[in-house]
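Residue-level structural notes
In case you want the letters, here they are:
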2 protein chains.
Amino acid sequence: MQIEHPYLMFLGDAPDTLAAKMATGIVDWRRDWCLGQLRLDGCNADVGVPDMGVRDAADAGCKTMVVGVVNAGGVLPDHWTNTIVEALEAGLDVATGLHRRLSSFPRIAAAAELHGRALHDVRFTDESFPTGKGHKRTGRRIITVGTDCSCGKKYAALALERDMRARGMNADFRATGQTGVLISGRGVAIDAVVADFISGAAEWLSPDNTPDHWDVVEGQGSIFHPSFAGVTTGLLHGSQPDAFVVCHEPTRTRMRGVDYPLPSIEQVIDRVVELGRLTNPAIQCTGIAINTSALDEDAAHACLEDAATRHGVPAVDPMRFDMEAVVDEIQSRFG
Amino acid sequence: MQIEHPYLMFLGDAPDTLAAKMATGIVDWRRDWCLGQLRLDGCNADVGVPDMGVRDAADAGCKTMVVGVVNAGGVLPDHWTNTIVEALEAGLDVATGLHRRLSSFPRIAAAAELHGRALHDVRFTDESFPTGKGHKRTGRRIITVGTDCSCGKKYAALALERDMRARGMNADFRATGQTGVLISGRGVAIDAVVADFISGAAEWLSPDNTPDHWDVVEGQGSIFHPSFAGVTTGLLHGSQPDAFVVCHEPTRTRMRGVDYPLPSIEQVIDRVVELGRLTNPAIQCTGIAINTSALDEDAAHACLEDAATRHGVPAVDPMRFDMEAVVDEIQSRFG
């Protein structure tokens, strides 16, 4: 799946900006890919880019309209269909993370066919993966893992790519979730792959590369989450990472969506090393990324210092501060 | 998915009985469900039940024709289609483990529709699963795990069901693979479930039950297999087993399909306890099932005695001998 940019962000009639979380994520990381936003009557979301219709967007050079919003139930409201069809008529491709394929809507399928446009359903994958092979691949890999779901793994991986590239390192973010796929224009929603092929899809995502190249793999779920540890394990094995960064939200006490306590950072480090050794015996923790947004400045620094001391690796907040200390650690360990 | 029996076993023109492995498995465990076999010209397979055409099978009371054979590539040869259509016309449902859905063949879909018959694709699932919740469920669960793939997990689980029932225990085999689904007439091919829903599907498979009830869950893959450990982990977490039996093939040194060494039984016990504790803190190993078919009688007994001594639980060969010692252990630990 290769999604062409620049994008027009379709926000529909989203009740608030939270409903446009996917669009916000794309604008946060690829501001220069996002030429405008299209908002219908009643839309209360705003991702901070110019309002634009589909014709103007096409004239401005947009290649894809991204349905960067979900509505209740995750389905496609009828009145959104008109705008999607207009976008296809104007020469834009359309990409979405909805639960139903765009091609299953007859008017949309017909318009895409008629105008020769692509429909990208980032929640699905049409790629046929082999099962994992477990062969050692060339090049380096780093993955973000978490004490829980939704604790900053995607943002930490994107910050790593940004800060590694800023030093001239050869690094590519490898998306494993819907928003990540739209942010990088490629990748695979690993949780949508058939179970037998999880590690095979992860192997496909970070193929052999030059010795100096780093794949920065977006982690999924948590090795301690009772709903998703299988996905996390398959992704870990297929990615065969040399290094990993643990992502953590310090005010959370229970795991998302289930009645389970949050594991400690130490438990996650130990378990990821133990399981990851299967496909990369040299796997090591090179940093901790903590979301300190719920803490004041002093408390944030204290929290990061405490984590760094306790675990013997740099601890950073990649959004509030930066990833520099973790990149230093990677360079000092791997050259 | 509920598949009606008795079955007519369709062997097509299988070159040998190995190609009819699925049919052999069904006959091994459900001889009384298998009224006959249908063999086309050139078939060299024989699963040891009477030869029968579709009309005779329908007259004899067969409800479902099982395509219990795979041909090269896993596709459906054109000349098998005629027999499948005849079976539907004769009033039989049709079940298969092929890689393509039966309903994707227009003649088969039309015949099923016309005659009101069901098509069961056991490699696929049409059930929509929620994500795993991790809630403790009532009733007891036991799962078979392995030092590798294809080392007797299905047969060990079926032998457990048989021997537990023979003692009057309330036990049900829960199929997680294609052949298992056909052997029990229900279940889910867990490796065909979308990755996000592995543990949710496992939870669905062994729901709340009476306190004396045992779900005997067919294990999949191996916690140490680089291709499939994600599936194994999700199935383990969703099954939240109270007990497990380790299956092992003592002459194997490398894991199937990959260049990885076989883990030891001890490594498997330790890792399954460590991971399984997440959803059932009381998980324990209650036996070892060893496939001793490559050993002579004395060597087999020595192998089992050695494993029992080394690991402190009964070690049995469920096919060559029986499961009695493991059932004793379960009764003594759980009452």
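Definitions and limits used
Residues numbered from 1 in each chain as written. Chains lettered and ligands numbered in written order. Predicted model: local features only at pLDDT ≥ 70, side-chain atom pairs only at ≥ 80, totals over all residues. Helix = DSSP H or I, 4+ residues; strand = E, 2+ residues; numbered from the N terminus. Rg over C-alpha atoms; globule rule 2.2 N^0.38 Å. Contact = placed C-beta atoms within 7 Å. Pairing = 2+ DSSP bridges. Axes fitted to C-alpha atoms, helices over the stretch in contact; angles between N-to-C directions. Parallel < 35°, antiparallel > 145°, perpendicular 65-115°, else oblique. Nonpolar A, V, L, I, M, F, W, Y, C, P; charged D, E, K, R; others polar. Buried ≥ 20, exposed ≤ 12 C-beta atoms within 10 Å, placed from the backbone. Left-handed = near helix turned anticlockwise from the far one by under 90°. Expected span 1.5 Å × (residues − 1). Arc of directions from axis to C-beta. Domains from an automatic or database assignment. Least-squares fit on C-alpha atoms with pLDDT ≥ 70 in both. pLDDT = per-residue confidence, 0-100. Right-handed = clockwise from strand over helix to strand, strands pointing away.

In terms of helices and strands, chain A carries 11 helices and 11 strands. Computed over its C-alpha atoms, the radius of gyration of chain A comes to 20 Å, within 12% of the 20 Å expected for a compact globule of 335 residues. Dimensions along the principal axes, computed over C-alpha positions, put chain A at roughly 55 × 45 × 45 Å. Considering only intrachain contacts with a sequence separation of at least 6, the fraction spanning at least 24 residues in chain A is 74%.

All names here are of chain A. Taken in spatial order, the 6 strands of this open sheet run β7-β8-β6-β9-β10-β11, and their pairing is parallel. Here the strands that pair on one side only, and so sit at the sheet edges, are β7 (170–174) and β11 (315–316). When strand β10 (residues 284–290) meets β11, the two strands line up parallel, connected through 2 bridges. Each bridged residue has a counterpart across the sheet, and for A289 the counterpart in β11 is V316. Against the sheet, helix α11 (residues 324–334) touches β6 (140–146), β9 (243–248), β10 and β11, its axis set at about 175° to β10.

A word on the packing of helix α3 (residues 78–89) of chain B against helix α4 (residues 106–115) of chain B. All names here are of chain B. Two numbers describe how α3 lies on α4: the axes approach to 9 Å, and their chain directions differ by 5°. On the basis of the axis angle, α3 is roughly parallel to α4. Packed against α3, whose contacting residues are T81, I84, V85, L88 and E89, the element α4 presents R107, I108, A111, A112 and H115 at the interface. Of the residues in the contact of α3 with α4, the class split is 6 nonpolar, 2 polar and 2 charged.

The next point concerns unusual backbone geometry. Residue and element names in this part refer to chain A. Of the consecutive residues H5 and P6, the connecting peptide bond is found in the cis state with omega at 5°. Along the polypeptide, P6 turns up in the segment before β1 (7–12). A positive phi angle, near 50°, is found at S150, a position not held by glycine. As for its placement among the helices and strands, S150 is situated in the loop between β6 and α5 (153–166). For S150, a count of 16 C-beta atoms within 10 Å gives the class partly exposed.

Remark: helix α8 (residues 229–239) of chain A packs on helix α8 (residues 229–239) of chain B, axes separated minimally by 7 Å, with the N-to-C direction vectors making an angle of 165°. As summarised for this structure, α8(A) and α8(B) are arranged roughly antiparallel, according to the angle between their axes. Pair α8(A) / α8(B) crosses with right-handed handedness. For the pair α8(A) and α8(B), contact is made by A229(A), G230(A), V231(A), T233(A), G234(A) and H237(A) and by A229(B), G230(B), V231(B), T233(B), G234(B) and H237(B), respectively. Residue composition of the contact of α8(A) with α8(B), grouped by class: 4 nonpolar, 8 polar and no charged.

On to α3(B), then. All names here are of chain B. Taking 1.5 Å per residue as the helical rise, α3 with its 12 residues ought to reach 16 Å, and the 17 Å between its terminal C-alpha atoms agrees with that figure. Looking only at α3, the buried set comprises W80, I84, V85, A87 and L88. Around the axis of α3, the buried residues are gathered within 155° of arc, so they sit on the same side. Exposed and oriented more than 90 degrees from the buried face of α3 are H79 and N82. For α3, the secondary structure elements touched by its buried residues are β1 (7–12), α2 (54–59), β3 (64–67), β4 (93–96) and α4. A positive phi of about 100° marks G91, the residue just after α3.

This next bit is on the interface of chain A and chain B. With 27 residues of chain A at the interface, the matching set in chain B holds 27 residues. It is α8(A) that contributes the most residues to the side of chain A that touches chain B, 6 residues altogether. Looking at side-chain class alone, the side of chain A that touches chain B contains 13 nonpolar, 11 polar and 3 charged residues.

The next thing to look at is helix α4 (residues 106–115) of chain A. All names here are of chain A. Looking at α4, one finds that the buried residues are I108, A111 and A112. Looking down the long axis of α4, one finds its buried residues gathered within 100° of arc, a one-sided arrangement. Of the exposed residues in α4, those oriented more than 90 degrees away from the buried face are P106, E113 and L114. Looking at the buried positions of α4, the neighbouring elements they touch are α3 (78–89) and β5 (119–121).

This part covers the domain arrangement of chain A. Residue and element names in this part refer to chain A. Once the domains are mapped, chain A shows domain 1 (7–121) and domain 2 (140–334). On a C-alpha basis, the centroid separation for the pair domain 1 and domain 2 is 29 Å. The element best represented in the side of domain 1 that touches domain 2 is helix α1 (residues 21–29), accounting for 4 residues. Each residue belonging to the side of domain 1 that touches domain 2 can be placed in one class, and the counts come to 5 nonpolar, 2 polar and 1 charged.

With that settled, consider the pairing of strand β3 (residues 64–67) of chain A. Residue and element names in this part refer to chain A. Neither face of β3 is left uncovered, since the one carrying T64 and V66 and the one carrying M65 and V67 both have all their residues buried. Taken together, the 4 bridges between β1 and β3 define a ladder with parallel strand orientation. Note that in β3 the partner of L8 across the bridge is M65. Here β3 pairs with strand β4 (residues 93–96) via 4 bridges, running parallel. Residue V66 lies in a different strand from β4, and its bridge partner there is A95.

Residue and element names in this part refer to chain A. Taken in spatial order, the 5 strands of this open sheet run β2-β1-β3-β4-β5, and their pairing is parallel. Of all the strands in the sheet, the pair left with one neighbour each is β2 (34–39) and β5. Across this sheet, the average inter-strand angle for adjacent strands is 20°, counted without regard to direction. Each of β1, β2 and β3 is contacted by α1, which is oriented at about 155° to β1, the strand it contacts most.

In the superposition of chain A on chain B (RMSD 0.0 Å, axial shift 0.0 Å), the rotation amounts to 180°. On the angle and the small slide along the axis, the relation comes out as a two-fold axis. When you check the interface residues of chain A against chain B, 100% turn up at the interface there too, and the contact is symmetric in its surfaces.

So, about the confidence of the model for chain A. Per-residue confidence for chain A gives a mean pLDDT of 95; residues scoring 70 or more make up 99%. As a predicted assembly, this complex carries a pTM of 0.94 together with an ipTM value of 0.92.

The topology assignment puts L18(B) in the loop between β1 and α1 (21–29). Taking the C-alpha atoms as reference, L18(B) lies 31 Å from V327(B); in sequence the two are 309 residues apart.

Further remarks concern the environment of D306(A). Residue and element names in this part refer to chain A. Structurally, the position occupied by D306 is in helix α10 (residues 297–311). Taking the C-beta count within 10 Å as the criterion, D306 has 13 such neighbours and is therefore assigned partly exposed. Residues D306 and A58, 248 residues apart in the sequence, show an inter-C-alpha distance of 51 Å.

Attention now goes to the pairing of β10(A). Residue and element names in this part refer to chain A. Among the 7 residues of β10, 6 are classified as buried, and the element is accordingly described as predominantly covered. Bridge count between β9 and β10: 6 bridges; the pairing is parallel. Within the sheet, the bridge partner assigned to V246 lies in β10 and is I288. Taking the sense of rotation as the criterion, the β-α-β connection linking β9, helix α9 (residues 265–276) and β10 turns out right-handed.

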